[in-house]
Amino acid sequence: MGMPTVYTTAHVLSSVISTAKKSGKVGFVPTMGALHHGHLSLVNKALEENVLVVVSIFVNPTQFNNASDLSNYPRTLTTDLELLSVFDNVIVYAPGVDDIYPKNDFFEPVDLDGLDTRLEGEFRPGHFQGVVHVVRNLFNIVQPHRAYFGEKDFQQLAVIRRMVKRLNFPIEIVSCPTHRSENGLALSSRNMRLTEQGLEDALLISQTLNYMKNLGHDSTPSKVMELGTAYFSKGNLSLEYLEIVDAESLMLLTNQWSAHSVCCIAAYCEDVRLIDNLAL
Ligand code: PAF
């Protein structure tokens, strides 16, 4: 234990990883820092299955379509490293922009069968191609056996799985359940920007999802969305979308439930954009 070693350049990191691969599998947890217990659970899971775990900390500019969202994104490297210091066999990759996006970097948008244009994609155009770009570059640098992603970013997980298939990465994608505070708020780095009152108000997000889940499948998805929207409107958050979709295709469900239906929500609380989801 102790502070993890931090690498800032791909070539030094790669040689450490190549050595580790001689004794076993390498796991990878990509993050944008501002670590919380959700991230730490990904690291824990990765440590159970690999001899070495690489955690990347990089606030990726290409996935932000709003300059103020990018500049307001929390950056807490010292605390992040302290949080990781409880683990053995964890190293950190905290590169600068030039290391991830070298001059000769070439990227063509990846065909994600529309998974990137639904839900988040409608409100954050280009966001998922930015995610795919950085994760592709990170995968090429780290070349892990397994990579770990949280289910809180449900659509991101679907997008990454599709990218891995499209680009033939020999990497197993492992998903881990959403971590919540005691009162149900999904853990997110963005929660750091909320006041006490905001943290209280934001509970409406998970309360709405649970309310909708409790309605069951007797009514149509359309009716459940209508009731959920009405429930949500009693609070003082501003709703961006609340949709029940098929978990595979992310297509909106209206009259029929699918084998795996999931409700996805995005809302603003004190100007902070929060997302969550729940299988219904
Ligand atoms: O989920 C995140 O934190 C980011 O989208 C990721 C996967 C690290 C890419 O920048």
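Presented here is an overview of the structure given in this document. (Residues numbered from 1 in each chain as written. Predicted model: local features only at pLDDT ≥ 70, side-chain atom pairs only at ≥ 80, totals over all residues. Heavy atoms only, no water.)

Digging into the overall build of the chain
Here is step 1: Regarding its fold elements, the chain presents 11 helices and nine strands.
Here is step 2: Over its C-alpha trace the chain gives a radius of gyration of 19 Å, about what one expects of a compact globule, namely 19 Å for 280 residues.
Here is step 3: If you line up the chain on its principal axes, its C-alpha atoms span 55 × 40 × 35 Å.
Here is step 4: A burial count over the chain gives 52% of its 280 residues as buried.
Here is step 5: A separation threshold of at least 6 residues defines the contact pool for the chain, and within that pool the share at least 24 residues apart is 74%.
Here is step 6: For the chain, the exposed area adds up to about 13100 Å²; of that, 51% sits on carbon and sulfur atoms.
Here is step 7: Taking the average place of the 22 positive charges on the side chains of the chain and the average place of its 31 negative ones, the gap between the two points comes to 6 Å. (Helix = DSSP H or I, 4+ residues; strand = E, 2+ residues; numbered from the N terminus. Rg over C-alpha atoms; globule rule 2.2 N^0.38 Å. Buried < 20%, exposed > 50% of the residue type's maximum accessible area, 1.4 Å probe, protein only. Contact = heavy atoms within 4.5 Å. Areas by Shrake-Rupley, 256 points an atom, 1.4 Å probe, with all protein chains shown as cover. Lys, Arg positive; Asp, Glu negative; His and termini not counted. Charge placed at Lys NZ, Arg CZ, Asp CG, Glu CD.)

Quick look at the packing of helix α10 (residues 203-214) against helix α11 (residues 221-232)
Here is step 1: As a packed pair, α10 and α11 sit with axes 9 Å apart at the nearest point and diverge in direction by 150°. In this view, α10 runs roughly antiparallel relative to α11, as classed from their interaxial angle. The handedness of the crossing between α10 and α11 comes out as right-handed. Along the contact surface, α10 presents Leu 204, Ile 205, Gln 207, Thr 208, Tyr 211 and Met 212, while α11 presents Val 224, Met 225, Leu 227, Gly 228, Tyr 231 and Phe 232. (Axes fitted to C-alpha atoms, helices over the stretch in contact; angles between N-to-C directions. Parallel < 35°, antiparallel > 145°, perpendicular 65-115°, else oblique. Left-handed = near helix turned anticlockwise from the far one by under 90°.)

Regarding the site of the ligand
Here is step 1: Residues in close proximity to the ligand include Pro 30, Thr 31, Met 32, Asn 60, Gln 63, Val 134, Phe 149, Asp 153 and Gln 156, which together make up its full environment.
Here is step 2: Taking Gln 63, its side chain carries an N or O atom lying 2.6 Å from an oxygen atom of the ligand.
Here is step 3: Between the ligand and the protein, one listed contact pairs an oxygen atom with a side-chain N or O atom of Gln 156 at 2.7 Å.
Here is step 4: Contact with the protein chains covers 90% of the free accessible surface of the ligand, which is 290 Å².
Here is step 5: According to the grid-proximity analysis, the pocket containing the ligand is the largest cavity.
Here is step 6: Considering only residue class, the shell around the ligand consists of four nonpolar, four polar and one charged. (Near = heavy atom within 4 Å. Polar contact = N/O pair within 3.5 Å; in protein donor to acceptor, adjacent residues only side chain to side chain. 1 Å grid on protein atoms, 1.4 Å probe; cavity = no way out; pocket = protein on both sides within 12 Å on 5 of 7 lines; lining within 4 Å. Sits in = over half its atoms within 2 Å of the grid points. Nonpolar A, V, L, I, M, F, W, Y, C, P; charged D, E, K, R; others polar.)

Thoughts on the packing of aromatic side chains
Two aromatic rings, taken as a pair, are described by how far apart their centres are and by the angle between their planes.
Here is step 1: Taken as a whole, this structure holds six aromatic pairs when the rule is applied.
Here is step 2: Cluster of aromatic residues (ring-pair linked, three or more members): Phe 28, Phe 139 and Phe 169. (Phe/Tyr/Trp six-rings, centres within 6.5 Å; stacked < 30°, edge-to-face > 60°.)

What about empty space enclosed by the protein?
Here is step 1: Considering all chains together, one arrives at two cavities of 30 Å³ or more under this definition.
Here is step 2: Among the secondary structure elements, those contributing two or more residues to the lining of the largest cavity are β2 (26-31), α2 (37-49), α7 (127-142), β5 (146-150), α8 (154-166), β8 (261-269) and β9 (272-279).
Here is step 3: Counting residues per element, the lining of the largest cavity draws most heavily on α7, at six residues.
Here is step 4: The calculated volume of the second largest cavity comes to roughly 60 Å³.
Here is step 5: Those elements that provide at least two residues to the lining of the second largest cavity are α10 and β9.
Here is step 6: Per-element tally for the lining of the second largest cavity: the top contributor is β9, with three residues.
Here is step 7: Considered class by class, the residues forming the lining of the second largest cavity number five nonpolar, three polar and two charged. (Points joined across faces, edges and corners; volume = space filled by probe spheres on them.)

Section: the sheet that holds β9
Here is step 1: Spatially, three strands are ordered β7-β8-β9 in an open sheet, and the strand pairing comes out antiparallel. Each having just a single partner strand, β7 (238-246) and β9 make up the two edges of the open sheet. The sheet shows a mean angle of 15° between the axes of neighbouring strands, direction not considered.
Here is step 2: Sheet strands in contact with α11 are β7 and β8, and its direction is about 160° off that of β7. (Pairing = 2+ DSSP bridges.)

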